[in-house]
Amino acid sequence: MEGKVMREKILQLLRKEKDYVSGEEIGRILGISRSAIWKYVNGLREEGYNITSVPRLGYRLDDIPDLLLPEEVKDGLNTTLLGKNIVYFKEIDSTNNKCKNLGQMGSEEGTVVVAEAQKSGRGRIGRYWNSPSGMGIWMSVLLRPQISPMEAPKVTLLAAVAVTSAIRKCTGIDVGIKWPNDLMVEGKKVCGILTEMSAEMDSVNYIVLGIGLNVNIPLHQFPAEVQETATSLMEVKGGKISRKLLLQEIIRQLEKYYFRWQKEGIAPILKEWRRYSMVLNSPVSIIERDQRWEGIALDILESGALIVKLMDGTIREFSVGEVSLRPGNG
Ligand code: BT5
């Protein structure tokens, strides 16, 4: 049997039996020697699994690591498309870059790329995304919807709703959506979404949906320039949150909203977006290239554009692009 398969089988045995499993029994079930078992157990320990071994009693799994290992994430996931294939890295430049390569190479729809850390995590228009190791969810999902490129911003809309639902469900934290691609808690950014695509004139080849979520980052570990504007779920909740359970729920919710979009269109999802939105009916200030606009956000359109009533009473539509939005009068 291949090493990786054997490693998984041993893990399965230990996981199933909450108590000690003797080396003899493992050896009998899997047909391997005691020294081979010892080698696999040590490998698992190096990955962060906490396994106690006692002579004569055998091995007991005490603690699984808070790592986003594919077999941990797949365990109990129950999705049919998203997360069937999970590609995992301890460290990578950017999960979006990797996911784009996979998209180019023809990887299957629903592939999820996850990394513990990103060296060059990206925001929009060349901005950076701080992605320290083991403290956040840095992920990208490969989608192949049959849509025109103009419809791509809808993926950001549905992702914002899906991730908001997942966070609320797992943590009870009152997170809201700030147009166009941020999730906020207590006025600070906890999550950013970066949707990128490869497209022809009238059809999309693939979409890479990138999500960066600050889960267990202590405030003092944020870079100085975002200390005032960023936060993590742990800071708000006052305790660590399981990244694995949260990632699973995010994948489930993404699948649910992705399927709903394909079946019912974006309108029902926009309804939820409006409910979670922190900008509708509030004063906003929008910076578009070197121009600044002040007004009240009125609504969001199916295209993802924001409708704003400006100070002079005119109504203007802002499309997702090189814009940033701040709470108004600021
Ligand atoms: C975003 O850009 O908010 C999209 C971020 C997407 C990150 C994910 S992680 C997985 C995937 N792989 C990638 O390489 N990217 C995606 P934008 O709206 O442009 O915001 C970027 C700005 O947010 C920066 O200029 C900083 O001011 C701020 N920032 C950087 N890191 C942050 C963090 N961890 N939390 C909150 N704010 C941050």
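Not measured: the values here are computed from a predicted model. Throughout this document, residue positions are counted from 1 along each chain, in the order its sequence is written. Since the coordinates come from a predicted model, pLDDT governs what is reported: local features require at least 70, and pairs of side-chain atoms require 80 or more to be given and counted, while whole-chain, interface and lining totals use all residues. Each side-chain value is worked out from all heavy atoms of the structure, with water and hydrogens disregarded.

A. Spatial organisation of the overall build of the protein chain. What the protein chain contains, in helices and strands, is 9 helices and 14 strands. Taking the principal axes of its C-alpha atoms as reference, the protein chain extends roughly 80 × 45 × 30 Å. Restricting the contact set of the protein chain to residue pairs at least 6 apart, pairs at least 24 apart contribute 61%. Looking at the protein chain as shown, the accessible area adds up to about 15,900 Å², and 49% of this sits on carbon and sulfur atoms. Looking at the protein chain, you have 44 positive and 41 negative side-chain charges, and the mean spots of the two groups are 3 Å apart. Every helix listed is a DSSP run of H or I at least four residues long, and every strand listed is a run of E at least two residues long, numbered separately from the N terminus. Working rule for contacts: check all heavy atoms of both residues, and any pair within 4.5 Å makes them a contact. Only the protein chains shown count as cover for residues, with accessible areas throughout obtained via the Shrake-Rupley method and a probe of 1.4 Å. Counted as positive: Lys and Arg. Counted as negative: Asp and Glu. His and the chain ends are not counted at all. Every charge is mapped onto a representative atom, which is NZ of Lys, CZ of Arg, CG of Asp or CD of Glu.

B. Region of interest: the packing of aromatic side chains. By convention, a stacked pair of Phe, Tyr or Trp rings (six-membered ring in the case of Trp) has centres within 6.5 Å and planes under 30 degrees apart, an edge-to-face pair has planes over 60 apart, and any other such pair is tilted. Evaluated as defined, the whole model comprises 4 aromatic pairs. On the basis of an interplanar angle of 35° and a centroid distance of 6.4 Å, the ring pair of Trp-38 and Tyr-59 is categorised as tilted. Separated by 21 residues along the polypeptide, Trp-38 in helix α3 (residues 34–47) and Tyr-59 in strand β2 (residues 58–63) bring together distant segments of the chain. Per-residue accessibility, obtained with a 1.4 Å probe over protein chains only, is compared with the maximum for each type, and a residue is labelled buried under 20%, exposed over 50%, and partly exposed between these values. The exposure class assigned to Trp-38 is partly exposed, which follows from its relative accessible area of 40%. Residue classification places Tyr-59 among the buried residues on the basis of a relative accessible area of 10%.

C. Molecular detail of the site of the ligand. One heavy atom suffices: a residue is near a molecule or strand as soon as one of its heavy atoms comes within 4 Å of it. Looking at the ligand, there are 26 residues lining it, with Ser-94, Arg-122, Arg-124, Arg-127 and Lys-189 nearest. A 3.5 Å cut-off defines polar contacts: any pair of N or O atoms within that distance qualifies, except that in protein one atom must be a possible hydrogen donor and the other a possible acceptor, and neighbouring residues in sequence count only when both atoms are side-chain atoms. Note that a nitrogen atom of the ligand is positioned 3.5 Å from one of the backbone N or O atoms of Asn-96. Bound to the protein, the ligand loses 93% of the 790 Å² it would expose on its own. Counting only elements with at least two residues in the shell around the ligand, the list comes to α5 (95–104), β5 (136–143), β8 (188–199) and β9 (204–214). We call Asp, Glu, Lys and Arg charged. Ala, Val, Leu, Ile, Met, Phe, Trp, Tyr, Cys and Pro are nonpolar, and the rest, Gly among them, are polar. Classifying every residue of the shell around the ligand by side-chain character gives 8 nonpolar, 13 polar and 5 charged.

D. Focus on the sheet that holds strand β7 (residues 182–185). We call two strands paired when DSSP finds no fewer than two bridges between them. With mixed pairing, 7 strands are arranged side by side in an open sheet as β3-β4-β5-β9-β8-β7-β6. Looking at the sheet topology across the chains shown, the edges are occupied by β3 (86–92) and β6 (176–178). Along the sheet, successive strands turn relative to each other by an average axial angle of 20°, direction set aside. Pairing analysis gives 6 bridges linking β3 to strand β4 (residues 112–118), with the strands arranged parallel. Paired with Glu-91 across the bridge in β4 is Ala-117. What counts as an axis is a line fitted to C-alpha atoms, over the stretch in contact for a helix, and the angles between N-to-C directions run from 0 to 180 degrees. Lying over the sheet, α5 contacts β3, β4, β5, β8 and β9, oriented at roughly 20° with respect to β5.

E. Fine view of the environment of Asn-50. Among the secondary structure elements, Asn-50 is positioned in strand β1 (residues 50–54). Ignoring sequence-local partners within four residues, the contact set of Asn-50 consists of Arg-60, Leu-61, Asp-62 and Asp-63.

F. Focus on the packing of helix α6 (residues 153–171) against helix α8 (residues 243–264). One can describe the packing of α6 onto α8 by two numbers: an axis separation of 8 Å at closest approach and a directional angle of 140°. By the angle between their directions, the pair α6 and α8 is classed as oblique. By crossing handedness, the relation of α6 to α8 is classed as right-handed. Across the interface between the two elements, Lys-154, Val-155, Leu-158, Ala-159, Val-161, Ala-162, Val-163, Ser-165, Ala-166, Ile-167, Lys-169 and Cys-170 of α6 pack against Leu-245, Leu-246, Glu-249, Ile-250, Gln-253, Leu-254, Tyr-257, Tyr-258 and Trp-261 of α8. Residues belonging to the contact of α6 with α8 are distributed by class as follows: 16 nonpolar, 2 polar and 3 charged. Geometric relationships in this document are graded by angle, where less than 35 degrees denotes roughly parallel, more than 145 denotes roughly antiparallel, 65 to 115 denotes roughly perpendicular, and other angles denote oblique. Here a crossing is called left-handed whenever its near helix is offset anticlockwise from the far helix by less than a right angle, and right-handed whenever the offset is clockwise.

G. Seen up close, unusual backbone geometry. Of the consecutive residues Trp-179 and Pro-180, the connecting peptide bond is found in the cis state with omega at 0°. Locating Pro-180 in the fold gives a position in the loop between β6 and β7. At Glu-186, a position not held by glycine, the phi torsion is positive, near 50°. Counting through the fold element by element, Glu-186 comes out in the loop between β7 and β8.

H. Up close: α3. To estimate the expected span of a helix, count its residues, drop one, and scale the result by 1.5 Å. A rise of 1.5 Å per residue sets the reference length of α3, with its 14 residues, at 20 Å; its end C-alpha atoms lie 20 Å apart and thus fit the reference within 8%. Within the sequence span of α3, burial applies to Ala-36, Ile-37, Tyr-40, Val-41 and Leu-44. Summarising the axial view, the buried residues of α3 lie within an arc of 135°, below the 170-degree limit, and thus occupy one face. Pointing more than 90 degrees away from the buried face of α3 are the exposed residues Ser-35, Lys-39 and Glu-46. Each element contacted by the buried residues of α3 is listed here: α1 (3–16), α2 (23–30), β1 and β2. Two residues or fewer past α3, Gly-48 is found with a positive phi of approximately 115°. What the arc covers is the set of directions going from the helix axis to the C-beta atoms.

The analysis is restricted to geometry; functional conclusions fall outside its scope.
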